[in-house]
Every structure is written in structure tokens, then in C-alpha cells.
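Residue-level listing of the chains:
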Amino acid sequence: MNSTNPNKAFPESALNNVFALVDCNNFYASCERLFNPQLEKKPVIVLSNNDGCVIARSNEAKAIGIKMGAPAFEFKDLIKKYKVHVFSSNFALYGDISNRIMNTLYDLAPDIEVYSVDEAFLDLTSIKLEDATAFAKRIRKTIKQWVGIPVSIGIGPTKTLAKIANHAAKKNPGFANVVNLCTFEGPDGLFKTISVSEIWGVGGAFSKFLDENGIRTVFDFKNADENWVRKHMGVMGQKTLFELRGISCISFESLAPDKKNICTSRSFGTPLETYEDLEEATSNFVARAAEKLRRQKSCARAVTVFVMTNRFSNTPKYVNSILVQLPVATSITSELIHHTLKGLRKIYRKGYKYKKSGIILMDIIPEDQLQYGLWDVKNRKKVTDLIHVIDKINAGVGQGAVKFAVQGTKRRWKMHQERLSPQYTTKWNDLLKIKI
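We now turn to the structure provided with this report. (Residues numbered from 1 in each chain as written. Predicted model: local features only at pLDDT ≥ 70, side-chain atom pairs only at ≥ 80, totals over all residues. Heavy atoms only, no water.)

1. Topic: unusual backbone geometry
With a phi close to 65°, lysine 41 is a non-glycine residue in the positive phi region. If you check the backbone angles, asparagine 177 has positive phi at about 70° while not being a glycine.

In C-alpha cells form, the structure reads like this:
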């Protein structure tokens, strides 16, 4: 059992580390509001690829009962009744706004770990504990002023507690979007009001299991028997328990680890039947994955390509995949496309309506560990230099400005995005126009 005095914050011994979690409020919806202030205080939702399911909601949309992850058509009556503003996912815009937020944090914070597109951990250990709350408020004000996106900030002696603090900052208006558990009087009282399902790392299955065993709140889990937790939830469950007690077990990573696999996949806006259309779509997925591979200065030694039909339709079903080993590890787009399409030809079957394809770059190694084959005579430096020039052009002009012929122009596979907002910050033609 935890011996922490419930009337005080964590003991001094638990404050060797101080972490903050900065989390954007309803990020996708906030991005849509950024260039359209008329959407403030109105219900807003953002849909997934092909305008399928709800992946983001404003607080107003949550209040009228629109559920996360549910198909949009289920709420057509609510959308009409409450005049909900519906948007297709605009990932180019969201990604650029995310970069602006993270760059702002790099300017303001001692050290930063980017956790997701809308979340980042900060290491505030070097800041005086009594100054941490004011520092967090200044960060929040600066991001709102410089970028225009509202954020909530939670501070704690561990990353898990920073997550809990962030949840409280978002859900309780009285906290004004900043909660510092390191100086919080009576944190156990707060923990009793937060469901165990909100604990970082406790998924749906464990949440249900804990509830069945009488552990329903953060307070209950924090005070659970350590041996029981380890027996039923393993080492990671035990680490989570320690983190809730103020013992830091999850390290801070200012440099994100390189990805071991890189997957790019999309559902098609219209089912594809011909090999040529499937080839065009898959080649574009390879090109996108190859760019990610080069950004982390890595090469892949294998690629998996897969195809599938719509499992919910009445048409014939078909799913298949193939692993292609590459003769030499590479990040060169043309090579990756060549070998991927060799695999695609083997698994393609005529007569099916394909709903989705994708590729996974596997067996990834750092580019400085690349070993060439004995019979490999390709001038890789020359080709690599050319690819980097293409990357630079595409970064400056726009993704896909320069591409390989096999990537095509028909784009019959393009996603449905009937409610797409302009890409205000990443496309010249979509720059905001102001009439005076």
C-alpha cells in the first residue's frame, strides 16, 4: 500500500523528476476552427478516410451524443438537427499545425519528447518546482498566441501522473487547463474521481478486468497490492503502479527511436478491379513509405505487400499478402517500387473488386550499416543523390510534384473527401484570402 499522506502532494523523494504533458484540445476540430472563427462554440466533427467514421469531435459535438469511432451515417439526424459542421480529414493541414506547435515547444521548453501529432512530454526537472505551474501557463498562452490552438498541460513526477494531470486539466474547467500534481494538495481526492480506464497503458481488456476486481479508480489502482498487479498485469502493470506512486519508471526520450517497420495503406474511394489501377495506388504507397524511411536515415531489407476486398460487401472476397526479400537493403524509391510490384503481380487475381492495398517496409537498418551484394553494380550514390533532390523539391513545392511514371495520374483510388477544407498553410492556392 502507498504510504503517501493524502493531505499532501508527493514526498520530496518522489520529485527527482518533473514531467509535463502538453496535449492539444480536440486537435483536428481546433485546426478546422483556426481559419474559420465562425465555428467557435459550434459542434464540429472530423471524419476518417473516405468520410467514414468520426475521428475527432469538438466539446459541443460530444455534448449532443456523437460518439468517437462510430460511422458518420448513424448520426445523420443529429447532424441535421444541431447543424453540425462536418469535415473530411485534412492531414496536410493538421501535420503542419502540429509542426508549428512542436517547434514552439522546442523554443520554450528545456527538453521535449514528441509523443504524437498532438501531444508532447516536457522535462521540467531543471525548473524550480514552485515555478512549474506559471511556466506551464506561459507555454499555453504562447501556443495560443503564436499558433492559435488551445492546449491543456498536466505536470507530475512521472509521465503517467503527467497524463493523469492532463486528463484532469481538460475535464475540470476550474483548473483552467493546467494541473500540477507535484504541488497539488490532496491528490488522492482527485484520483478517486478519475476512472481506472484513463490510466496510461491500461487498455480496454485490463480496464474491464480491474473493474471486475473492485479497482475502478486511479486511487484504487494506486493502492492495489503490488504482487497482485504484477501477477495479473505483468511488469508493465507493476511499472504503472510505481508511476502512480511517484516513482519514475518510464524514461524520457528526447530523440524518438527509429521505426522498425513502416506501413502505408489506404482504403480506396472506389473499388479497383484492374491491375493497372492497383499498381498505381500501391506505387504511391511505396513512394510515401520510402520518404519516411529516408527521413530516419534507414534502409529496408524486405517489403510486404497486401491486397483485400471489402469484407462487408456482397461481392466475392479475397485477401492475400506476400513478403519480398530485397537483394540489397535500400531506401531508393524506384527499387522499392520495382520489387513491390513483382510481389503484387503474384498475388493479384482478376475478377475481384479491391477495397484496399498497402505495403510494409520491414527488416529496417541504419543506412550506415548497408552492405552491398557482390554482384551489385548499381551506382547507388548517384541514384541516392537524385532521390534526395526529388525529396527537396517535393518538400518545397508539394508532395507528389515530382514522381515516378508508374505512380500515374488517374488516381481512381483516391479517397472520398467531399468535405475537405482548404490546406491553408501547405498549398499556395489555398492561402487565406481577405477582402478589404
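2. Comments concerning the pairing of strand β6 (residues 119-123)
In terms of burial, β6 is largely enclosed, as four of its five residues are buried. Looking at chain direction, strand β1 (residues 19-24) and β6 are connected through five bridges and run antiparallel. Within β6, the residue paired with alanine 20 across the bridge is leucine 122. Both strand β5 (residues 112-116) and β6 contribute to a ladder of four bridges, which runs antiparallel. Residue valine 114 lies in a different strand from β6, and its bridge partner there is alanine 120. In sequence, β5 turns back onto β6 through a hairpin of two residues. (Buried < 20%, exposed > 50% of the residue type's maximum accessible area, 1.4 Å probe, protein only. Helix = DSSP H or I, 4+ residues; strand = E, 2+ residues; numbered from the N terminus. Pairing = 2+ DSSP bridges.)

3. What to know about the sheet that holds strand β9 (residues 262-272)
Taken in spatial order, the four strands make up an open sheet running β9-β12-β10-β11, and their pairing is antiparallel. The open sheet has two free edges, formed respectively by β9 and β11 (319-330), since each of these has just one partner strand. Looking at each pair of strands side by side, their axes are set apart by 15° on average, direction ignored. Both β9 and strand β12 (residues 354-366) contribute to a ladder of seven bridges, which runs antiparallel. Note on β12: the bridge partner recorded for serine 267 is lysine 356. Running at roughly 155° to β9, helix α11 (residues 275-295) makes contact with β9, β10 (298-309), β11 and β12 of the sheet. (Axes fitted to C-alpha atoms, helices over the stretch in contact; angles between N-to-C directions. Contact = heavy atoms within 4.5 Å.)

4. Observations regarding the pattern of salt bridges
One pass over the full model with this rule turns up eleven salt bridges. Its salt-bridge partner being aspartate 188, residue lysine 222 comes within 2.5 Å of it at the nearest N-O pair. Taken as a pair, lysine 222 in helix α9 (residues 218-222) and aspartate 188 in helix α7 (residues 187-191) lie far apart in primary sequence, 34 residues in all. (Salt bridge = Lys/Arg side-chain N within 4 Å of Asp/Glu carboxyl O.)

5. Observations concerning the side chain of arginine 294
One can find arginine 294 in helix α11. A distance of 2.7 Å separates the side chain of arginine 294 from the backbone oxygen of serine 331, its partner in a polar contact. When sequence neighbours within four positions are dropped, the list of residues in contact with arginine 294 reads Ser331, Ile332, Thr333, Ile387, His388 and Asp391. (Polar contact = N/O pair within 3.5 Å; in protein donor to acceptor, adjacent residues only side chain to side chain.)

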